[in-house]
Amino acid sequence: MEKSCSLLIHFDKGTPALANEIKEALEGNDDAAKVDAMKKANMLVLNGETIPQLFITIIRYVLPSEDHTVQKLLLLYLENIEKTDSKGKILPEMILICQNLRNNLQHPNEYIRGVTLRFLCRICETEIIEPLIPSVLANLEHRNPYVRRNAILAVNAIYKLPQGDNLLVDAPEMIEKMLTTEADQSAKRNAFLMLYTCSQDRAINYLLTHVDKVSDWGESLQMVVLDLIRKVCRTNKGEKGKYIKIILSLLTVPSAAVVFECAGTLVSLSSAPRAIREASNTYCQLLLTQSDNNVKLIVLDRLDELKSSHRDIIVDMIMDVLRALSSPNHDIRRKTLDIVLDLITPRNINEVVLTLKKEVVKTQSGELEKDGEYRQMLIQAIHSCAVKFPEVAGTVVHMLMDFLGDSNVASAVDVIVFVREIIETNPKLRVSIVTRLIDTFYQIRSARVCSCALWIISEYCLSLSEVESGITVIKQCLGDLPFYSASEDGDNNNNTNESVKRSPQVNAITVSSKRPAILADGTYATQSAASETTFSAPTLVQTSLNSGNLRSLLLTGDFFLGAVVACTLTRLVLRLTEVQTSKVEGNKSTTQVLLIIVSMLQLGQSSFLPHPIDNDSYDRIVVCLRLLCNPDEQIKKIWLQSCRESFVQMLVEKQQQETEEIKAKSQVLHAQPDDLIDFYHLKSRKGMSQLELEDEVQDDLKRATGDFVNEGDSANKLNRILQLTGFSDPVYAEAYVTVHHYDIILDVTIINRTKATLQNVCLELATMGDLKLVERPQNYTLAPESSKQIRANIKVSSTETGVIFGNIVYETSNVLERNVVVLNDIHIDIMDYISPAVCSDAAYRSMWAEFEWENKVAVNTVIQDEKEFLDHIIKSTNMKCLTPPSALEGYCGFLAANLYAKSVFGEDALVNLSVEKQADCKLSGYIRIRSKTQGIALSLGDKITLKQKGGA
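Cut-off values and rules
Residues numbered from 1 in each chain as written. Predicted model: local features only at pLDDT ≥ 70, side-chain atom pairs only at ≥ 80, totals over all residues. Heavy atoms only, no water. Helix = DSSP H or I, 4+ residues; strand = E, 2+ residues; numbered from the N terminus. Buried < 20%, exposed > 50% of the residue type's maximum accessible area, 1.4 Å probe, protein only. Areas by Shrake-Rupley, 256 points an atom, 1.4 Å probe, with all protein chains shown as cover. Axes fitted to C-alpha atoms, helices over the stretch in contact; angles between N-to-C directions. Parallel < 35°, antiparallel > 145°, perpendicular 65-115°, else oblique. Left-handed = near helix turned anticlockwise from the far one by under 90°. Contact = heavy atoms within 4.5 Å. Nonpolar A, V, L, I, M, F, W, Y, C, P; charged D, E, K, R; others polar. Lys, Arg positive; Asp, Glu negative; His and termini not counted. Salt bridge = Lys/Arg side-chain N within 4 Å of Asp/Glu carboxyl O. Polar contact = N/O pair within 3.5 Å; in protein donor to acceptor, adjacent residues only side chain to side chain. Pairing = 2+ DSSP bridges. pLDDT = per-residue confidence, 0-100.

What to know about the overall build of the protein
Right, on to step 1. What the protein contains, in helices and strands, is 42 helices and 18 strands.
Right, on to step 2. By residue count, 48% of the 952 residues in the protein fall in the buried class.
Right, on to step 3. Total accessible area on the protein stands at roughly 47800 Å², and carbon and sulfur atoms take up 50% of it.

Here it is in structure tokens:
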């Protein structure tokens with residue numbers, strides 16, 4: 001069995017010290033050499049070396065030393081050496097040190113007394129301690145508080161020994177008397193801690209006797225008081241009321257640590273509205289007064305927990321929580337916004353949006369490096385507010401449109417997406433938004449924002465004046481035609497390098513990439529203009545009134561934007577023919593648009609740009625040409641109505657999905673049919689304060705609504721029990737595996753199936769993968785047919801597949817050899833670490849392009865229906881399908897879907913499933929898994945390979 005160790009020192013095994021060298025140094029008169037020699041001796045002892053020849057030398061030459069460092073190292077040495085023989089009896093030479101310890105306890109120097117008392121706290125041998133007890137007790141009355149506080153710790157340690165109550169019969173009574181007269185806060189804390197652990201009734205009595213003075217006690221003593229209150233209230237819930245009053249009195253103390261613990265204790269003990277309100281107020285105050293970002297994050301986590309169980313109370317604190325946005329840390333800001341968005345109600349929405357608007361305005365100063373990222377978070381928060389409460393959209397949408405030309409492209413994209421949704425859901429704002437968008441369109445510098453803005457202009461410009469304004473602003477931003485002159489083209493043919501110099505900002509998306517990209521429907525394509533800012537750094541252009549933003553972007557080779565411009569102009573012209581009474585004006589506009597579209601095609605096919613137009617953009621522009629030359633009523637209906645109907649359907653599906661998620665989160669436990677219900681008005685109020693009455697009522701409500709029902713399902717527990725050995729083995733073992741995110745707890749039951757006593761029974765475990773055994777289980781002795789519960793803790797650092805293996809080693813009294821029973825391997829399932837998650841399509845595609853590790857699994861299944869196979873994979877992998885149900889409707893013999901999950905370690909898992917039904921009705925295709933780390937990609941691939949056949 002391995003000894004417990006209270007000291008760890010780095011030891012270089014390459015150059016071990018020799019016992020003779022240590023002995024020579026100890027026999028000298030140089031204290032510095034003795035210190036160095038004692039350090040070496042301690043290192044050897046701690047690393048398992050036995051140096052019996054040094055003991056007598058140390059007794060002769062080190063014990064008499066007056067040097068404090070030498071004395072401290074001597075006590076460490078005595079602590080770590082073996083003091084008993086193989087039979088557990090004290091070694092005779094240990095008696096030699098007792099007189100020295102007694103002298104130290106009576107030493108005139110307080111430090112020597114203190115370290116010796118501390119040394120006695122770690123000694124378990126009764127034979128050494130018994131003769132020293134009078135000296136230990138005498139130090140309880142020493143004038144120096146350092147000695148007194150260590151003497152209390154020594155008394156506490158001695159009293160906890162197996163025969164401690166015989167060695168110190170009246171120790172609790174003695175410490176209680178000392179506690180009433182003690183002035184030093186640390187000594188009082190140690191004394192109260194001893195009463196708390198050894199005589200709880202005395203500690204409670206002292207606390208209730210001095211309840212008025214608790215707020216004046218020291219911080220360390222107040223923390224012990226809170227521990228005592230938690231322990232007492234768990235065992236005796238009927239007396240919670242008087243202890244909650246003590247906690248409330250401690251909420252006003254200056255110590256932030258005590259106040260934080262008070263708030264946590266209040267929440268754990270009581271559900272009374274007043275108690276929860278006091279705790280949440282305390283957390284909000286800590287959020288503002290503490291400068292440490294880690295403390296703020298912890299406090300926000302606590303508020304988040306309160307929000308889920310006591311939302312009605314936390315809603316009143318929403319403005320106090322919002323004040324945490326003053327922190328420059330983005331993690332704190334993000335967590336604050338997440339909490340606030342869940343607490344929005346019709347009563348506070350205006351105040352919240354006003355605060356968010358002020359924060360957005362502050363980000364315009366540009367004083368901080370990450371203002372753009374913070375602005376993006378605020379815009380997303382305002383977007384969520386406007387979706388939940390459409391009436392506030394009008395107060396924010398025009399202010400946010402000022403950021404359409406933001407240099408932070410992600411922020412500008414969020415604004416234009418917000419505008420696109422608001423203009424559909426708030427018809428009253430349509431005219432003002434369209435007018436403002438047309439006025440500010442020239443400021444937009446990002447191609448993706450331009451594309452979305454053009455779509456809005458083409459769909460929501462309905463009146464004659466709006467359509468004409470839309471066509472005019474696009475023509476202005478495109479500038480004069482043609483886009484290049486014939487002389488420039490000729491020069492370009494003569495000198496290609498010059499043209500490259502003239503157009504340095506070639507958009508990376510127009511060049512085919514070696515890596516395939518995943519489109520919104522799950523299919524693969526080359527990274528062309530179809531995915532502008534998702535896969536490459538967005539192109540920003542410096543615009544002016546003389547050089548339009550659309551023209552500048554087109555001249556960088558962005559023909560995806562060119563196709564969007566062509567479609568927008570085509571749609572506007574088609575609408576113009578409906579609202580314009582004059583055919584002459586309609587034909588004139590059509591001719592001008594045709595000229596612009598032909599000029600773009602000419603630019604794409606010229607050698608003026610280093611790269612020609614891509615095929616997809618070319619085809620789209622040609623379709624616009626054909627439609628304008630040969631208008632067809634059926635095609636016009638598709639262009640002018642069907643596109644918008646699809647967008648409306650997308651918004652409806654999004655709203656339905658959010659509603660379903662809210663319903664799923666709001667599901668609560670229900671009461672059992674035979675549960676008792678206490679009625680508030682029939683409850684006796686005699687001798688109860690208002691707080692106690694509230695607490696009783698809340699407990700009754702919890703009981704009635706099922707909060708006290710045990711959630712553990714015995715069937716699920718049985719599924720987690722793993723048999724480790726066979727029924728015919730002399731030792732039977734089974735393990736119950738509990739996974740707590742970063743920890744795995746193995747509760748192993750070992751049963752002795754033989755008629756003999758098994759000695760030194762040891763459970764030896766080893767791990768493979770990112771698993772680490774925290775401590776080795778100790779040895780046990782098992783009587784015939786008896787059992788033993790052994791607990792092993794294992795740390796987990798990633799989602800990589802891990803294996804725990806080992807054996808049980810034991811000895812019998814008849815045979816000297818050690819017997820070994822090999823255990824079955826325990827495989828840690830990746831499903832315990834990943835959970836379904838949601839992200840936007842843009843974020844998904846961005847991560848797919850960024851992540852390096854891909855695991856490609858071929859589809860091999862007996863399932864013949866594509867949707868059934870998709871549902872089976874979702875169920876088997878515990879992932880969320882991001883592809884909307886409408887995209888999976890119908891039957892075409894092909895299915896592509898994107899799945900997403902997040903691990904408890906913050907890792908993202910992306911899965912793309914693409915399957916096709918063959919002529920023989922079998923499914924073929926591939927499942928691609930991508931992640932940032934190798935472990936999750938391989939583990940998820942193995943899981944899918946194992947489960948994909950169906951029925952497994």
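Next comes the rest of the description.
Examining the packing of helix 26 (residues 430-440) against helix 27 (residues 447-460)
Right, on to step 1. Viewed as axis vectors pointing N to C, helix 26 and helix 27 meet at an angle of 135°, and their least axial separation amounts to 11 Å. Considered as vectors, helix 26 and helix 27 are oriented oblique to each other. Of the two elements, helix 26 crosses helix 27, and the hand of that crossing is left-handed. Residues R430, V434, L437 and I438 of helix 26 form the contact with helix 27, whose own contacting residues are A453, I456, I457 and Y460.
Right, on to step 2. Taken together, the residues that form the contact of helix 26 with helix 27 break down as 7 nonpolar, no polar and 1 charged.

Focus: the side chain of D414
Right, on to step 1. Inspection of the secondary structure puts D414 in helix 25 (residues 409-425).
Right, on to step 2. For the buried residue D414, which engages in no salt bridge, the nearest side chain bearing the opposite charge is R448, 7.8 Å off.
Right, on to step 3. For D414, the side chain forms a polar contact with the side chain of Q376, separated by 3.2 Å.
Right, on to step 4. A distance of 3.0 Å separates a polar atom in the side chain of D414 from a polar atom in the side chain of Q380.
Right, on to step 5. When residues no more than four places from it in sequence are discounted, the contact partners of D414 are Q376, I379 and Q380.

Topic: the packing of helix 9 (residues 145-159) against helix 11 (residues 171-181)
Right, on to step 1. Direction vectors running N to C along helix 9 and helix 11 enclose 160°, while the axes themselves pass 11 Å from each other. It follows that helix 9 is roughly antiparallel to helix 11 by the angle criterion. Regarding helix 9 and helix 11, the two cross each other, and that crossing is left-handed. Here R148, I152, V155 and Y159 of helix 9 come into contact with helix 11, specifically with A171, P172, I175 and M178.
Right, on to step 2. Class assignment of the residues belonging to the contact of helix 9 with helix 11 gives a composition of 7 nonpolar, no polar and 1 charged.

A look at the pairing of strand 18 (residues 923-931)
Right, on to step 1. Judged from the 6 bridges that link them, strand 14 (residues 853-858) and strand 18 form a sheet pairing that is antiparallel. Within strand 18, the position partnered with N855 by the bridge is I929.
Right, on to step 2. Where strand 17 (residues 908-917) meets strand 18, 9 bridges bridge the pair, whose relative direction is antiparallel. Paired with V911 across the bridge in strand 18 is I929.

Observations concerning the environment of L478
Right, on to step 1. Within the secondary structure, L478 is located in helix 28 (residues 464-478).
Right, on to step 2. As a C-alpha pair, L478 and L550 span 72 residues in sequence and 5.3 Å in three-dimensional space.
Right, on to step 3. Look past the residues within four positions of L478 in its chain and what remains in contact with it is F483, L550, R551, L554, V565, L569 and I596.

Some details on the environment of V267
Right, on to step 1. For V267, the location among the structural elements is in helix 16 (residues 256-269).
Right, on to step 2. Along the sequence, V267 and R277 sit 10 residues apart, while their C-alpha atoms lie 9.6 Å from each other.
Right, on to step 3. Every residue in contact with V267, bar those within four places of it in the chain, is listed here: I276, A279 and L306.

Some points on the confidence of the model for the protein
Right, on to step 1. On average, residues of the protein carry a pLDDT of 80, and 84% of them reach 70 or more.
Right, on to step 2. No element of the protein has a lower mean pLDDT than helix 31 (residues 532-535), at 36, and none a higher one than helix 9, at 91.
Right, on to step 3. This stretch, residues 494-515, has a pLDDT under 50; its non-local contacts, to residues over four places away or in other chains, come to 39 contacts.
Right, on to step 4. Across residues 706-714, where pLDDT falls below 50, the model places 9 contacts with residues more than four positions away in sequence or in other chains.

Considering the pairing of strand 4 (residues 731-740)
Right, on to step 1. Burial within strand 4 is extensive, with 7 of its 10 residues counted as buried.
Right, on to step 2. Examined bridge by bridge, strand 3 (residues 721-723) and strand 4 share 3 bridges and lie antiparallel to one another. Counted as the bridge partner of I721 is Y736 from strand 4.
Right, on to step 3. Of the strand pairs in this sheet, strand 4 and strand 5 (residues 743-752) are connected by 10 bridges, and their pairing is antiparallel. Along strand 5, the bridge assignment pairs T738 with I745.

Thoughts on the pattern of salt bridges
Right, on to step 1. Enumeration over the complete set of coordinates arrives at 27 salt bridges.
Right, on to step 2. The residue D301 makes a salt bridge to K335 at a minimum N-O spacing of 3.0 Å. Here K335 lies in helix 21 (residues 330-341) and D301 lies in helix 18 (residues 293-309), a separation of 34 residues in the sequence.
Right, on to step 3. Judged by its relative accessible area of 34%, D301 is partly exposed.
Right, on to step 4. Salt-bridge contacts for D402 lead to R436; the nearest nitrogen and oxygen are separated by 2.3 Å. With D402 in the loop between helix 24 (393-400) and helix 25 and R436 in helix 26, the pair connects residues that are 34 residues apart, well separated along the chain.

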